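Each chain, written out:
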Amino acid sequence: FAYKPQEQVLRGVSIHAKHGQRIALVGETGSGKSTIIRLLARFFDVTGGSIRVDGHDIRGVTLGSLRSQLGIVLQETFIFGGTIADNIRYGRIDASHEEIRVSAKSVGAHKFIMDLPDGYDTDVGENGVNLSVGQCQLVSFARALLSDPRILILDEATSSIDTTTEKQIQEALDVLVQGRTSFVIAHRLNTIINSDQIVVLDHGM
């Protein structure tokens with residue numbers, strides 16, 4: 001893959017993920033980790049070779065079809081202005097209140113939500129200003145779980161979280177990836193050692 005004709009970003013990269021595997025992507029900044037994530041979500045198309053899901057080249061399906069199979073949790077979690085329930089429901093607009101609660105409980109978010117003044121109806125403020133970094137991350141995990149994707153893309157965001165919160169995030173992550181094929185940009189050793197494959201990228205190779 002090249003962003004510009006003379007600037008190869010990825011060269012000869014071959015990854016085969018079986019159903020349900022956790023694939024850790026590791027490497028220095030600029031090594032190509034985020035590019036692989038962007039290609040999987042088809043923000044760009046490969047300039048050589050192909051990306052296939054169940055044997056189907058993703059360029060041959062609609063973006064709607066592809067992205068309905070994907071759950072994406074980025075390092076910079078985006079929280080919308082509105083309630084916590086609204087933010088989780090964004091993963092599946094037609095979800096019931098009970099389904100939202102089940103999703104939040106599964107990733108360990110329910111307790112902190114119930115401690116808030118209005119529970120699930122608490123206004124989070126623009127971009128989650130009323131929540132901590134860890135709480136925002138748990139809300140985004142609940143949102144991703146609610147959408148029930150087949151493929152998960154995770155830019156693991158534990159670098160600015162304290163040790164106690166990191167343990168909670170890690171437990172939520174383990175719930176989130178169960179039964180799903182997941183690609184995790186890994187920043188911490190404990191994420192890497194739980195992976196089925198470790199892909200080490202170095203200058204796009």
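A brief structural summary. (Residues numbered from 1 in each chain as written. Predicted model: local features only at pLDDT ≥ 70, side-chain atom pairs only at ≥ 80, totals over all residues. Heavy atoms only, no water.)

## Comments concerning the sheet that holds strand β3 (residues 22–26)
Part 1: Strand order in the open sheet formed by five strands is β6-β7-β8-β3-β9, and the pairing between neighbours is parallel. With one partner strand each, in any of the chains shown, β6 (70–73) and β9 (197–200) form the two edges of the open sheet. Ignoring strand direction, the axes of neighbouring strands in this sheet form an average angle of 15°.
Part 2: Sheet analysis places strand β7 (residues 151–155) next to strand β8 (residues 181–185), joined by five bridges and oriented parallel. Bridge assignment links L152 to a residue of β8, and that residue is S182. (Pairing = 2+ DSSP bridges. Helix = DSSP H or I, 4+ residues; strand = E, 2+ residues; numbered from the N terminus. Axes fitted to C-alpha atoms, helices over the stretch in contact; angles between N-to-C directions.)

## Observations regarding helix α1 (residues 33–40)
What sets the pattern is the α-helix's 3.6 residues per turn: residues three or four places apart point alike.
Part 1: Of all the eight residues making up α1, six are buried; the element is thus mostly covered by neighbouring parts of the structure.
Part 2: For α1, the set of buried residues is K33, T35, I36, I37, L39 and L40.
Part 3: If you follow the buried residues of α1, they end up packed against β1 (2–4), β3, α2 (63–67), β6, β7 and β8.
Part 4: Once α1 finishes, R42 follows within two positions and takes phi at roughly 60°, a positive value. (Buried < 20%, exposed > 50% of the residue type's maximum accessible area, 1.4 Å probe, protein only. Contact = heavy atoms within 4.5 Å.)

## Points about the pattern of salt bridges
Side-chain pairs of opposite charge can arise where the charged atoms are in close proximity.
Part 1: Under the defined criterion, the tally for this structure stands at nine salt bridges.
Part 2: A salt bridge links E99 to R92; the nearest nitrogen and oxygen atoms lie 2.7 Å apart.
Part 3: Residue E99 is classed as partly exposed on the basis of its relative accessible area of 35%.
Part 4: Note on R92: relative accessible area 29%, which makes it partly exposed.
Part 5: Residue D148 is joined to R180 by a salt bridge in which the shortest nitrogen-to-oxygen separation is 2.6 Å. You can see D148 sitting in the loop between α6 (133–147) and β7 and its partner R180 sitting in the loop between α7 (163–177) and β8, a full 32 residues away along the chain. (Salt bridge = Lys/Arg side-chain N within 4 Å of Asp/Glu carboxyl O.)

## Quick notes on the packing of aromatic side chains
Part 1: Per the counting criterion, the structure on display carries five aromatic pairs.
Part 2: Seen in terms of ring centroids, F1 and F44 are 5.9 Å apart; in terms of plane orientation they differ by 50°. Their pairing is tilted. Taken as a pair, F1 in the segment before β1 and F44 in the loop between α1 and β4 (52–53) lie far apart in primary sequence, 43 residues in all.
Part 3: For F1, a relative accessible area of 10% translates into the label buried. (Phe/Tyr/Trp six-rings, centres within 6.5 Å; stacked < 30°, edge-to-face > 60°.)

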